[in-house]
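One letter stands for each residue in the lines below.
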Amino acid sequence: MNALDFPQLASADVIVEGFESHGYICSREIATAVFLACQLRKPILVEGPPGVGKTELAKTTATLLDLPLIRLQCYEGLDEAKALYEWKYGKQLLYTQVLKEKLGDLLQGAKGLAESVERLHHFGDIFYSEDFLEPRPLLKAMQSANGAVLLVDEVDKSDYEFESLLLELLSDYQVSIPEIGTVKATSTPLVFLTSNNTRDISDALKRRCLHLYIPFPTVELEERIIRARVPDVDADLRAQLVAFVHGLRQLDLKKVPAISETIDWARSLLLLHAEQLDEALVRSTLNVLLKFQDDIEATEPELRSLLSAP
Amino acid sequence: MPSRLVSFINVLRSHDLRISPAESLDAVNVVTRLGYADRESLRAGLSLCLAKSAEDKAVFTRCFDQFFSYQLPEARTDETAVGDQADSLPGVDPQALAEADKALAEASGEGGGSLDLAGEMAADPSLASQLDTPLMDMLQSDDRNGLSLAIARAGDAVGLPDIEMFTQKGQFTRRILDELGESHIRSAVVELENRGSGALGELQRYRDRLRELVRDHVEREYLLHAQGRNAQFMDDVLARARLNNIEHHYSQRVQALVRRMAKKLAARHARKRRVTKRGQLNMGKTLRRGVPNDGVLFELHWKSVRRDKPQILAVCDVSGSVAAYAKFLLMFLYNLYDVLPRVRSFAFSSHLGEVSDLFDQHSIEKAVELVNWQYGGATDYGGSLVDFAKLALDDIDSQTTVIILGDARNNNGDPRLDIMQSVYARARQVIWLNPEARVMWGSGDSEMPRYLSCCHIAAECSSLAHLERIVDQLLRSHR
C-alpha cells in the first residue's frame, strides 16, 4: 500500500516545480491538494468552470509520476458493467462449447441427476473466476500493481446510483464482486474526480474526498500558463491577449472563455503572425474564444472598450 | 493544539458549513502534515477538507482570516515554551526583577521629586506584594504575547466562546479581568488614590491598557462565535414566524433561507428518469442480446418505466391578505427547478392570468413583485376558476399536481365548485394551502369547507416550516 511515497510529490513546492517542467502551471492550492491527497491517501474532487485544467491536472500527475492514467468518462446511464467489471460471456460460452466433450467424460458413470450435479459442484466456480472477468476502469485501477492515476471524469453527469457505487471504492480502495469476493487495491491509486457543477454531488461522496475548487486564474498566472503552453507568442501580445480575455470574463456571457480557449486563441494569433491586437483581428478570431453566436454578438459592441482598457 | 482547530471548526459550523466528524479528523491530519508555520498552505489545506463547495470556500476564507489573524502567533509558539513562560513567571527571576526595581527606584531618585510606581512599591512592601503578580510583570514589560495568551486562557476559563448576546460583553469583560487577577491592581489603585501618590497615573495607565486589551478580545470573540449562532437562531425564528409578519428588512435573509431549504429538498428528492422493475423480464431485449451468444440468454434485461416529468400548476391568490404567502410559495417552487422543471404559475384575485413567463424573464424576486402588482385586487374565486379552466384545464393530466394557495374568502360570490370538481377528477393531486388557522376555515365568507371536498390535501400553511413540509410531501409523491 506504500506506492504513494513518490519523491516527485514530497512537498507542495516540489510539485509546483514538477508540474511546471511538464508545462502545467499551477497555483499553490492545487499543489497542496495533490500533496495532501498523496499523504492522506484520499481522492480529490476537482470542481470549477469548464476549461480550467481539471482533467489536465490528472493527466499531468500521471506523466509526472510516470504512472498509467486510467480514465473513466461518466455519462447518464453508466453502470457497474461499464465502470467496474463484467463477465466475459462470450468466452464462457465458447469454453463450455469446447469443453462439452470433456464434460461428458466427467459425468460418465454418474447415476441420476443429483450425482451429476454433485460432481459438477467439485469444479466449483471455474467459469466465474478471474480469468473470465473483464476488468473495467475502476477495477483495473485497483489491480494495477505499481499504482495508477485514476481519473473519473465529469462525475456530475453520472446517476446517483453510480455515485453510491463509488463510495466503497473511494473510502477503502476495494470493490466487492459477489462471485469472487472483495478485491483490495494492491497499491493505492491516486484518484481524481472532476465535476462541472451541473448538479450537486452528494454529501457522502464529498465527505470522502478532498475538495479542490479551481477558479479562473489570475492575470499573472494565466500569462505564465500561456508562456508555458505557447512559448512563441511575444510578451506584449501575451499581456494584451490575457488582459482581453479577463475583460471578456467580466461580461455577462453564456459560456465564458476558459484557459483552454485562451491557449487556442494564442495559437491562432501565432499562426496569423499577429504582433498586436487590433479590432479587426479580434473580430475575425472571436469565434475561437466564444462558442455561441449570442455571445459574439453581445461582445462586438464592447470590443473597443475592452481593447483600450489597459 | 487540536483544541484550537476544534474551536475553529465550531466557528465554521456556526457559519452554516456542514462539517462531519470524519472531515474534522481529516483536518487534524492535514494540520499534522502541514504545520501552522505556513499560513497560506494551511489555509489551502484546510479548505480542501472543510469547505466543499465554491460558496463554502468563500465563507471559509473569511472565517480563517478572522480566526487565525490573532491565533496564529500563539499557535506557532511551542506549547511547552508557552507553558514554561506562564509557569515560570511568578518566581523565575525575582533577583533580576528586584534589581530592575532597584535600578528604576534609583533612576527616579536621581530624577528627584515625586515618587513613581516602582518607588512606591519599594517604599511600601504591602503594596509591592499586591502588585507582584505575573500580570503586572507582563504589563510592565509590555509582553504582548504573554498578555494575549493569558487573556485567551482566562476567556476560555470563563466560557467566553459561549457568548450569545452583545449585552453580555460587559459581563464577560469583567469576569475575564477577575480571572486575570485584576482586582489586585484595582485595590492598589484605590490605595494609591487615598494616599494621593504620584504613581497613581502610571498604575492607572496599566489598568486601562489591560481593560482595553480584554475588551478587544471579547469583541473579537463575540463577532466570531455569537454572530453565526445568532444568525442560526434568527433563521429558526424566521422559519417559524407567520409569513406576513416577516418585516421587509428581513426579506434578503428569508430568501436565502428559502433557497437553502429548497436545495435541501432538491438533494433529498433527486429525480430518477428510469426505474427498473426488478423481476419483470424484458423478453425482447434479452433475446436480442442473446443472439451473439448463440441464442443463450446470458444477459438479462428488466422492464423499466420511464418516469414522466411531474407538472406543477401553482394557483396563487395575490390579494392583499394572502400575497405574502404566495410570494414564498412561488419562490420555493422556482428554486426547485432541478427537481421540478415543469412549473406553471397562475395568479389571481379579481381575475386570473398565467404568470410563468414573468419567471422566465426575470429573477424570482423581481417576478414575484411584478405578479403582486399586476393581479392584486378584491378576490373572486368563481371568476378566477373560470379563467383557470379556460387556460389550463386541458393540460391537467395524471402527472399534474395543482397547488392552490388562498384563504378561500370569496366575498360571498359563486364558488364554482363544478370547476374544482373537474380539476380534482383529472389531476394527480390537488393541494390547497390556506394561510388561515384551521379553526377559522368556514367562518364568515370562507368557502373552505366546500372546497375541501375537491382536495386531496388541504393544509394550513402560514410559515416557512409549514411550506417546507408541504413541498417535501409533494416531492415524495412524485418519486
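Residues numbered from 1 in each chain as written. Chains lettered and ligands numbered in written order. Predicted model: local features only at pLDDT ≥ 70, side-chain atom pairs only at ≥ 80, totals over all residues.

Participant: For the overall build of chain A, give the residues involved together with the corresponding values.
Facilitator: From N to C terminus, chain A includes 16 helices and 9 strands. By residue count, 34% of the 310 residues in chain A fall in the buried class. Across chain A, contacts joining residues at least 24 apart in sequence account for 78% of those joining residues at least 6 apart. (Helix = DSSP H or I, 4+ residues; strand = E, 2+ residues; numbered from the N terminus. Buried ≥ 20, exposed ≤ 12 C-beta atoms within 10 Å, placed from the backbone. Contact = placed C-beta atoms within 7 Å.)

Participant: Which residues make up the pairing of strand β6 (residues 174-177) of chain A, and what are the values?
Facilitator: Where β6(A) and strand β7 (residues 181-184) of chain A come together, 4 bridges link them in antiparallel fashion. Paired with A:Gln174 across the two strands is A:Lys184, which belongs to β7(A). (Pairing = 2+ DSSP bridges.)

Participant: Give a description of the packing of helix α13 (residues 259-271) of chain A against helix α14 (residues 279-289) of chain A that names residues and reports values.
Facilitator: The description of two packed helices rests on the angle between their axes and on the distance between the axes. Residue and element names in this part refer to chain A. For the pair α13 and α14, the least separation of the axes is 9 Å and the interaxial angle reads 140°. Helix-helix and strand crossings are classified by hand; for α13 and α14 the assignment is right-handed. For the pair α13 and α14, the contacting residues are Glu-261, Asp-264, Trp-265, Ser-268 and Leu-269 in the first and Thr-285, Val-288 and Leu-289 in the second. Tallied by class, the residues present in the contact of α13 with α14 amount to 4 nonpolar, 2 polar and 2 charged. (Axes fitted to C-alpha atoms, helices over the stretch in contact; angles between N-to-C directions. Left-handed = near helix turned anticlockwise from the far one by under 90°. Nonpolar A, V, L, I, M, F, W, Y, C, P; charged D, E, K, R; others polar.)

Participant: Account for the sheet that holds strand β5 (residues 149-153) of chain A, naming residues and giving values.
Facilitator: Sheets are built from strands that pair by backbone hydrogen bonding, the pairs being arranged parallel or antiparallel. Residues and elements named next belong to chain A. Read across the open sheet, the 5 strands follow the order β2-β5-β8-β1-β9; overall the sheet is parallel. The open sheet has two free edges, formed respectively by β2 (69-73) and β9 (210-213), since each of these has just one partner strand. Here the strands of the sheet are splayed against their neighbours by 20° on average, with no regard to which way each runs. Relative to strand β8 (residues 190-195), β5 runs parallel, the two sharing 4 bridges. When the sheet's bridge partners are listed, Leu-151 is paired in β8 with Phe-192.

Participant: Talk me through the sheet that holds strand β7 (residues 429-434) of chain B; I want residue IDs and the actual numbers.
Facilitator: Residue and element names in this part refer to chain B. Pairing in this open sheet of 6 strands is mixed, and the strands run β5-β4-β3-β6-β7-β8 from one edge to the other. With partners counted over all chains shown, the strands left at the sheet margins are β5 (352-354) and β8 (457-460), one partner each. Sheet twist, expressed as the mean angle between neighbouring strand axes with direction ignored, is 20°.

Participant: Tell me what's going on with the nonpolar core, and back it up with residues and numbers.
Facilitator: Where a protein is soluble and globular, its nonpolar side chains tend to be buried together. The biggest cluster of nonpolar side chains holds 93 residues, and the ones touching the most others in it are A:Leu210, A:Leu212 and B:Leu50. Considering every element that reaches this core, the biggest residue donor is helix α2 (residues 28-40) of chain A, with 8 residues. Not counting residues up to four positions away in its chain, the partners in contact with A:Leu210 are A:Ala33, A:Leu36, A:Ala37, A:Lys42, A:Ile44, A:Leu45, B:Leu48 and B:Cys49. Membership of the second largest hydrophobic core comes to 67 residues, among which are B:Leu265, B:Leu313, B:Phe388 and B:Met420. (Core = buried A, V, L, I, M, F, W, Y, C linked by C-beta atoms within 7 Å.)

Participant: Mind laying out the interface of chain B and chain A, listing which residues take part and the relevant values?
Facilitator: The partner chain A presents 20 residues to the 25 residues of chain B that form the contact. For the side of chain B that touches chain A, the secondary-structure elements that each account for two or more residues are α2 (21-34), α3 (39-50) and α4 (54-76) of chain B. Split into classes, the residues belonging to the side of chain B that touches chain A amount to 11 nonpolar, 5 polar and 9 charged.

Participant: Any chance you could break down the pairing of β5(A) for me, citing the residues and the numbers?
Facilitator: All names here are of chain A. The element β5 is extensively covered by neighbouring structure, given that 4 of its 5 residues are classed as buried. Here β2 pairs with β5 via 5 bridges, running parallel. Its bridge partner being in β5, Ile-70 is matched across the sheet by Leu-150.

Participant: Residue-level account of the environment of A:Glu56, with values.
Facilitator: Residue and element names in this part refer to chain A. If you trace the backbone, Glu-56 turns up in helix α3 (residues 54-65). The class for Glu-56 is partly exposed, based on 16 C-beta atoms found within 10 Å. With 32 residues separating them along the chain, Glu-56 and Tyr-24 place their C-alpha atoms 8.0 Å apart.

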